[in-house]
Amino acid sequence: VRVPYFIDLKRPQDQGLNHTCNYYLQPEEDVTVGVWHTVPAALWKNAHGKDQVWFEDALGSSHPVILYLHGNAGTRGGDHRVELYKVLSSLGYHVVTFDYRGWGDSIGSPSERGMTYDALHVFDWIKARSGDNPVYIWGHSLGTGVATNLVRRLCERETPPDALILESPFTNIREEARSHPFSIYRYFPGFDWFFLDPITTSGIKFANDENVKYISCSLLILHAEDDPVVPFHLGKKLYNIAATSRSFRDYKLQFVPFHTDLGYRHKYIYRSPELPRILR
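Quick caveat: nothing in here was measured; it's all calculated off a predicted structure. (Residues numbered from 1 in each chain as written. Predicted model: local features only at pLDDT ≥ 70, side-chain atom pairs only at ≥ 80, totals over all residues. Heavy atoms only, no water.)

(A) Geometry of the overall build of the protein. A tally of regular secondary structure across the protein gives 10 helices and eight strands. Taking all 280 residues of the protein together, 52% fall into the buried category. Summed over its atoms, the accessible surface of the protein is roughly 13,000 Å², and 52% of this surface lies on carbon and sulfur atoms. (Helix = DSSP H or I, 4+ residues; strand = E, 2+ residues; numbered from the N terminus. Buried < 20%, exposed > 50% of the residue type's maximum accessible area, 1.4 Å probe, protein only. Areas by Shrake-Rupley, 256 points an atom, 1.4 Å probe, with all protein chains shown as cover.)

Here it is, written out as structure tokens:
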């Protein structure tokens with residue numbers, strides 16, 4: 001989870017993010033997470049050469065904020081993630097993203113509880129600086145599990161985000177593990193006992209299908225039909241579960257599929273020319 005090694009996460013400008021600041025936050029004792037904050041395109045010129053204090057103050061400018069929770073592979077500096085930050089910045093959003101404990105240059109041991117707590121800490125850090133600006137949460141792949149854990153908790157404490165965006169989501173980690181292309185042994189006798197039961201026993205659930213029943217904010221789901229990592233049918237199944245949940249009665253709920261011919265697969269939905277319209 002620390003690859004690629006050659007990226008210096010302290011220097012987001014090396015990835016073409018000249019309007020991005022690198023921070024370090026401490027959610028808990030002995031845990032430090034690395035954070036990138038990319039400002040909206042309108043602030044790019046002013047951002048040049050500015051320090052962390054300026055970037056933190058900029059969260060109070062009249063622009064919405066997206067907290068981006070990335071997937072399992074790599075770090076906050078992954079190519080497709082950087083390209084998404086650029087797209088979202090060009091559309092007028094602040095983008096705040098981070099590496100969970102144990103990922104990238106973040107310190108700590110990964111766990112579902114710990115990853116969710118890291119996300120909660122960063123969300124609260126944003127809200128303390130963003131004033132009345134909307135804050136949206138965007139989770140991709142494994143990050144959708146962190147996102148629904150986080151938003152369920154926020155809704156239960158009556159501080160929901162302004163919306164939740166799930167890109168390439170699954171229903172729960174057990175179903176995703178069974179469907180993952182690496183699970184080449186799933187047809188063998190004992191697969192559940194040997195591979196899946198230990199995941200559950202370890203307390204790793206990432207239960208999107210349960211969490212959506214307790215979420216009370218607008219929800220947008222994006223999924224490519226040719227996704228080889230998280231099968232399209234899992235995203236559609238999650239949408240159907242959410243659509244029958246009473247918690248969404250007063251909120252907008254939308255599922256946007258991307259046709260196989262577009263070739264967006266698991267991590268290239270950011271390339272869609274329709275994305276600005278969809279997000280609006």
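Read on, since the account is not over.
(B) The arrangement of the pairing of strand E1 (residues 20–28) in detail. Direction of pairing for E1 relative to strand E2 (residues 31–38): antiparallel, over a ladder of seven bridges. Each residue of the ladder has a partner; that of asparagine 22, found in E2, is tryptophan 36. Between E1 and E2, which pair antiparallel and follow one another directly, the connecting turn spans two residues, one of which, aspartate 30, has a positive phi of 70 degrees. (Pairing = 2+ DSSP bridges.)

(C) The nonpolar core, seen in detail. Counting residues in each nonpolar core, the largest one holds 52 residues, and the members touching the most others are Leu67, Leu69, Phe98, Ile137 and Leu164. Phenylalanine 98 has contacts with Val33, Gly34, Val35, Leu67, Tyr68, Leu69, His70, Arg76, Asp118, Ala119 and Val122, leaving out every residue within four places of it along the chain. (Core = buried A, V, L, I, M, F, W, Y, C linked by side-chain atoms within 4.5 Å. Contact = heavy atoms within 4.5 Å.)

(D) View of the sheet that holds E1. Across the sheet, which stays open at both edges, the eight strands sit in the order E1-E2-E4-E3-E5-E6-E7-E8 with mixed pairing between neighbours. Edge strands, defined here as strands with exactly one partner in the open sheet, are E1 and strand E8 (253–258). For this sheet, the mean angle separating the axes of adjacent strands, direction not counted, is 20 degrees. One ladder, built from four bridges, connects E2 with strand E4 (residues 94–98); its direction is antiparallel. Bridge pairing in E4 places tryptophan 36 opposite threonine 97. Running over the sheet, helix H4 (residues 112–130) touches E1, E2, strand E3 (65–69), E4 and strand E5 (135–140) and is turned about 120 degrees from E1. (Axes fitted to C-alpha atoms, helices over the stretch in contact; angles between N-to-C directions.)

(E) Inspection of the side chain of glutamate 167 at higher detail. Tracing the backbone shows glutamate 167 in strand E6 (residues 163–167). Despite its burial, glutamate 167 remains without a salt bridge, the nearest opposite charge being carried by arginine 81 at 8.5 Å. With near-sequence residues (within four places) excluded, glutamate 167 lies in contact with Leu84, Trp138, Gly139, His140, Ser141, Thr144, Leu222 and Ile269. (Lys, Arg positive; Asp, Glu negative; His and termini not counted. Salt bridge = Lys/Arg side-chain N within 4 Å of Asp/Glu carboxyl O.)

(F) Region of interest: H4. Over its 19 residues, H4 runs 27 Å from end to end, which matches the ideal 27 Å to within 8%, given 1.5 Å per residue. Along H4, the residues classified as buried are Glu112, Gly114, Met115, Thr116, Asp118, Ala119, Leu120, Val122, Phe123, Trp125, Ile126 and Ser130. Phi turns positive one or two residues past the end of H4, at glycine 131, with a value near 60 degrees. (Expected span 1.5 Å × (residues − 1).)

(G) Representation of unusual backbone geometry. Residue glutamate 158 is not a glycine yet carries a positive backbone phi of 65 degrees. Tracing the backbone through its elements, the reader meets glutamate 158 in the loop between helix H5 (142–156) and E6. Unlike most non-glycine residues, serine 168 shows phi in positive territory, near 55 degrees.

(H) A look at the packing of H4 against H5. At their nearest, the axes of H4 and H5 sit 9 Å apart, and the two run at 65 degrees to each other. The way H4 lies across H5 gives a crossing that is right-handed. Every residue of H5 that contacts H4 at Glu112, Met115, Thr116, Tyr117, Ala119, Leu120 and Phe123 is listed here: Leu142, Val146, Asn149, Leu150, Arg153 and Leu154. (Left-handed = near helix turned anticlockwise from the far one by under 90°.)

(I) Just H5, in detail. Counted at 1.5 Å a residue, the expected span for H5 with its 15 residues is 21 Å, and the 22 Å between its end C-alpha atoms agrees. Buried residues dominate H5, accounting for 12 of its 15 residues. Within the sequence span of H5, burial applies to Leu142, Gly143, Thr144, Gly145, Val146, Ala147, Thr148, Asn149, Leu150, Val151, Leu154 and Cys155. Of the residues trailing H5, glutamate 158 is marked for its positive phi of about 65 degrees.

(J) Local environment of the pattern of salt bridges. In total, this model carries 12 salt bridges according to the counting rule given. Aspartate 118 is the partner of arginine 101 in a salt bridge, and the nearest nitrogen-oxygen pair spans 2.7 Å. Separated by 17 residues along the polypeptide, arginine 101 in the loop between E4 and H4 and aspartate 118 in helix H4 bring together distant segments of the chain. Given a relative accessible area of 4%, arginine 101 falls into the buried group. Given a relative accessible area of 0%, aspartate 118 falls into the buried group. Of the charged contacts in the structure, one is a salt bridge between glutamate 156 and arginine 152, with a shortest N-O distance of 3.2 Å. Placement of both glutamate 156 and arginine 152 in helix H5 is noted, with a separation of four residues, approximately one turn of the helix. Salt bridges linked by common partners bring Glu28, Arg101, Arg113 and Asp118 together as one network.

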